[in-house]
Amino acid sequence: MSNKMWGGRYATGPAAIMEEINVSIDFDKALWRQDIRGSKAHVAMLARQGILTTADAAAITDGLTQIEGEIASGSFTFSRALEDIHFNIESRLTEIVGPTGGRLHTARSRNDQVAVDFRLYVRDTIDELDAQLADLQRALAETALAHADTIMPGFTHLQSAQPVTLGHHLMAYVEMHGRDRSRLMDARRRLNESPLGAAALAGTSFPIDRHMTAAALDFDRPMANSLDCVSDRDFALETLSAASICAIHLSRFAEEIVLWTTPQFAFVSLSDAFTSGSSIMPQKRNPDAAELVRGKAGRIVGALNALLMTMKGLPLAYGKDMQEDKEPTFDALSSLSLCIAAMTGMVRDMKPDDARMKQWAGAGYSTATDLADWLVRTLDMPFREAHHVTARLVGVAAAKGLDLDRLGLDEMQAVEPRITQDVFAVLGVENSVASRMSYGGTAPEQVRRQARRWIEALDGEAAAQG
């Protein structure tokens, strides 16, 4: 008896280990919606081109609709012996409509079939991630607007640098995720070409209409080269690259949340909804959600590296190695979706301690730059000289164990005689923050302007999408 899938060329079934390494239904069943959608577009085209009869096309389409309902309801039985999602669906189709089901594969190969399924899946997932990121941006922008005046330390090298506001800090992530969305949309635009109709690698002798199937599947156009159709995985690589950068942004903020929730910082707190306790230390409240977001960034970046390594040595056109494209991509995009949802929840859940943050905003002589700027503006001092004078004043203050604004005027004048009482107006953290009025600066007025701009833009997006 010949092999069920491969016919007379193969007289026996595969070895058990061959079946185990070759089977992909355990993960590629995730493509069932896209596979059925692609098949319906393909059969409609075959009928219009006269390659299939109208009756056969209708029977196949009805059978596919039945299978769609079975999978959606959970009554469909997936078989590992049938290897992948394509053969599982085709086998069930033949059970439903008889030998006519075998006509579905006319003018098509699994190579272009899986390529179109995978593109559709990635495109659908990009749209879902974009909507999630928009929700995260809204959560950040709304929290930023509420905390435009909340003063906190700004850091470089994780050392106190200059006072900023919490709103300003959160708006930085709104901008980052705006770029993340842009990168995902760029990837979507480039992937939006249809490989369906390329067949195995060389096209087909049947009079198919690739423009029709491309339009039916909402692609902009068919891909122009049949070899490229079946061998390209740029779309997955580019999406994973954008996903990796996004995951890094999420991880950076997650790390800040981990720091901010420690007793040593105590800038914000998270509720029970996003923390856990310790099995031995009853006092602990661990920011596990943030730590897991931080940790999952590694597996997302790892998926990108894995696919890069898979593709780097493959000659045209298709190689079975490319079956390794889906599992890490599915996992990475699912992990990213989970991380975005968790971060959105934490942003809406966290409770800032305004007084604590303001208390530490002036630590480490964080208004020293304001003093140097005052020397430049008021005394017409070159900035480099003002930098040196300020550094000497910081040294005096440090030796006395005082903040800059606690030095006496006479102590300041001992370093620079032209300093006047007016200097103390720039040494408070409120004055420092309020003075940063340059576009994109931390002044509360600027933060409110940027937050409202983003909220308005997100409102416009939502309205446009209905």
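I will try to describe carefully the structure that is included in this document. (Residues numbered from 1 in each chain as written. Predicted model: local features only at pLDDT ≥ 70, side-chain atom pairs only at ≥ 80, totals over all residues. Heavy atoms only, no water.)

## Describing the nonpolar core
In globular proteins that are soluble, nonpolar side chains generally tend to be buried together. Grouped together as the largest cluster of nonpolar side chains are 90 residues, with contacts concentrated most on Leu-250, Phe-253, Leu-336 and Met-343. Listed in part, the 20 residues of the second largest apolar core include Leu-375, Val-389, Ala-397 and Met-412. (Core = buried A, V, L, I, M, F, W, Y, C linked by side-chain atoms within 4.5 Å. Buried < 20%, exposed > 50% of the residue type's maximum accessible area, 1.4 Å probe, protein only.)

## Considering helix α18 (residues 444–464)
With 21 residues, α18 should reach 30 Å at 1.5 Å per residue; the first-to-last C-alpha distance of 30 Å fits that figure. Along α18, the residues that are buried comprise Pro-444, Gln-446, Val-447, Gln-450, Ala-451, Trp-454, Ile-455 and Leu-458. Down the axis, α18 shows its buried residues gathered within 165° of arc, on one side only. Set apart from the buried face of α18 by more than 90 degrees, the exposed residues are Glu-456, Ala-463 and Ala-464. Gly-466 sits one or two residues past α18 and shows a positive phi near 85°. (Helix = DSSP H or I, 4+ residues; strand = E, 2+ residues; numbered from the N terminus. Expected span 1.5 Å × (residues − 1). Arc of directions from axis to C-beta.)

## A word on helix α3 (residues 32–48)
Between the first and last C-alpha of α3 there are 24 Å, a value that for 17 residues agrees with the 24 Å anticipated at 1.5 Å per step. All of the buried residues along α3 are Trp-32, Gln-34, Asp-35, Ile-36, Gly-38, Ser-39, Ala-41, His-42, Val-43, Met-45 and Leu-46. In the segment just after α3, Gly-50 is the residue with positive phi, at about 75°.

## With respect to the pairing of strand β1 (residues 151–156)
Summarising the sheet, β1 and strand β2 (residues 159–165) pair through six bridges and their orientation is antiparallel. Counted as the bridge partner of Phe-155 is Ser-160 from β2. What sits between β1 and β2 in their antiparallel hairpin is a turn of two residues, with His-157 showing a positive phi close to 60°. (Pairing = 2+ DSSP bridges.)

## Some details on the pattern of salt bridges
Opposite charge on two side chains makes pairing possible when the charged atoms of those side chains draw close. One pass over the structure, following the stated rule, counts 35 salt bridges. Across the pair Glu-83 and Arg-110 runs a salt bridge, and its minimum N-O distance is 2.9 Å. You can see Glu-83 sitting in the loop between α4 (54–73) and α5 (85–97) and its partner Arg-110 sitting in helix α6 (residues 110–146), a full 27 residues away along the chain. By relative accessible area, which is 5% here, Glu-83 ends up buried. The partner of Glu-142 in a salt bridge is Arg-138, and the shortest N-O contact between them spans 3.6 Å. Here Arg-138 and Glu-142 lie together in helix α6, a separation of four residues that amounts to about one turn. (Salt bridge = Lys/Arg side-chain N within 4 Å of Asp/Glu carboxyl O.)

## Some remarks on the environment of Thr-165
Note that Thr-165 resides in strand β2. Owing to a relative accessible area of 0%, Thr-165 belongs among the buried residues under this scheme. In the structure, Thr-165 is positioned 282 residues away from Val-447 in sequence and 8.4 Å away in space, judged by C-alpha atoms. What Thr-165 contacts, discounting residues up to four positions off in sequence, is His-147, Ala-148, Thr-150, Ile-151, Met-152, Val-433, Thr-442, Pro-444 and Val-447. (Contact = heavy atoms within 4.5 Å.)

## Side note on a nonpolar patch on the surface
Together, Ile-17, Met-18 and Ile-21 make up an exposed nonpolar region whose accessible area comes to about 350 Å². One can find Ile-21 in helix α1 (residues 16–22). Residue classification places Ile-21 among the exposed positions, given a relative accessible area of 66%. (Patch = residues over 30% accessible without salt bridge, like charges linked within 9 Å, V, L, I, M, F, W, Y side chains within 5 Å. Areas by Shrake-Rupley, 256 points an atom, 1.4 Å probe, with all protein chains shown as cover.)

## Concerning unusual backbone geometry
Backbone phi values are negative for most residues with the exception of glycine, while trans is the configuration of most peptide bonds. With an omega of 10°, the peptide bond between Leu-316 and Ala-317 qualifies as cis. Along the chain, Ala-317 falls in the loop between α11 (288–311) and α12 (326–349). One non-glycine residue, Ala-107, lies in the positive phi region at around 65°. Relative to the assigned elements, Ala-107 resides in the loop between α5 and α6. For Ala-107, a relative accessible area of 7% gives the class buried.

Read these as spatial facts, not as claims about activity.
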